[in-house]
Amino acid sequence: MSKLKIITIVGDSLSMVRSGKEIFNFYQDTYPFLLQELLWIDNYLVVLRSRIRNNVLTESLKENLEEDVLFNNSRYVVLHLGIVDCAPRAFSLMQERILYVFSQTSVLKYFSRLAWWFQSRYRRFFTKYFPKTYVSEEEFREKFSFIVREIKNKAKPKKVFVINIADTNDKNKLKSFNFEKNILNYNKIIEDLVAGNKDFCELIDLYSQTKNKKEFLWEDGIHLMKGAHDYLAQTLCEKIKKEEQLNQ
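These numbers were taken from a predicted model, which means no experiment stands behind them.

What counts as what
- Residues numbered from 1 in each chain as written.
- Predicted model: local features only at pLDDT ≥ 70, side-chain atom pairs only at ≥ 80, totals over all residues.
- Heavy atoms only, no water.
- Helix = DSSP H or I, 4+ residues; strand = E, 2+ residues; numbered from the N terminus.
- Expected span 1.5 Å × (residues − 1).
- Buried < 20%, exposed > 50% of the residue type's maximum accessible area, 1.4 Å probe, protein only.
- Arc of directions from axis to C-beta.
- Contact = heavy atoms within 4.5 Å.
- Polar contact = N/O pair within 3.5 Å; in protein donor to acceptor, adjacent residues only side chain to side chain.
- Disulfide = S-S within 2.5 Å.

Enquirer: Honestly, helix H5 (residues 109-121) in this entry has me stumped. Any pointers?
Expert: Along an α-helix, residues three or four apart share an orientation, since each turn contains 3.6 residues. With 13 residues, H5 ought to run about 18 Å at 1.5 Å a step, and its terminal C-alpha atoms sit 18 Å apart, in line with that. If you check which residues of H5 are buried, you get Ser112, Ala115 and Gln119. For H5, the arc enclosing every buried residue in end-on projection is 65 degrees, short of the 170-degree limit, so these residues lie on one face. Pointing more than 90 degrees away from the buried face of H5 are the exposed residues Tyr110, Arg113 and Arg121. If you follow the buried residues of H5, they end up packed against helix H4 (93-103) and helix H6 (123-129).

Enquirer: What exactly am I supposed to notice about the side chain of asparagine 72 here?
Expert: Following the sequence through the fold, asparagine 72 ends up in the loop between helix H2 (59-70) and strand S3 (74-80). Side-chain polar atoms of asparagine 72 contact the side chain of threonine 8, separated by 2.9 Å. For asparagine 72, the side chain forms a polar contact with the side chain of serine 74, separated by 2.5 Å. Setting aside residues up to four positions removed in sequence, asparagine 72 forms contacts with Ile6, Thr8 and Glu67.

Enquirer: What is the right way to look at the environment of aspartate 192 in this model?
Expert: Residue position: aspartate 192 is located in helix H9 (residues 179-196). On a C-alpha basis, the gap between aspartate 192 and arginine 141 in space is 9.4 Å, while along the polypeptide they are 51 residues apart.

Enquirer: Help me out: how do you make sense of the state of the cysteines in this one?
Expert: Working definition: the covalent bond between the sulfur atoms of two cysteines is a disulfide. For the coordinates displayed, the defined rule picks out zero disulfides. A disulfide-free cysteine, cysteine 86 has its sulfur positioned 19 Å from the sulfur of cysteine 201, the nearest such atom. Relative accessible area serves as the criterion here: at 0%, cysteine 86 is assigned to the buried category.

What follows is the structure, given as structure tokens:
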């Protein structure tokens, strides 16, 4: 048997199993599994290294980059990041952590619940007049560029496929001020990065697919329905096979 060809996927919860009041899917419904099914006969191994709430500044991404990608001999790498970074927030990460600590104490948990209720009720006001994201555009550009550069110089896969940020639904656009603008701005950063590394990176335009097919999104307007997972798996499969043919 020939050596396994590794495809590593690094992302957030969009590439993972997700369950909740509105969302439930099996691993078999996700594009990493579907891609593995499409390519198993060609001796590929899809390695999923995504994490919930992952953004380009998380310590877990920084700490695990070497183990996850740089030294696992990946033939191809898929980067699927951005929605956690760009989504409008009523609270900063530090404020969220403080409220979480409050929620764990009997004396302050009521205050924590009240704060979360208040920001949910008036989310558009807060996101309009006190705009926050977990990662600024400047930080996103700098860190994403660093990740691509590290992969290019150290991992040296044949290609990095970068999936841009999906569109969101009208409910989220109404609830959070400038949600769509944020997605477009951060996607422009991704597109510029890919264009600057076109010999090494290739863009997969999930935004256009979800813009035209709202049924690709769950009711939360963030996570992906099976149709979107099917699209990503099929698109990645086709691009990988095309890349293999070009390198024969």
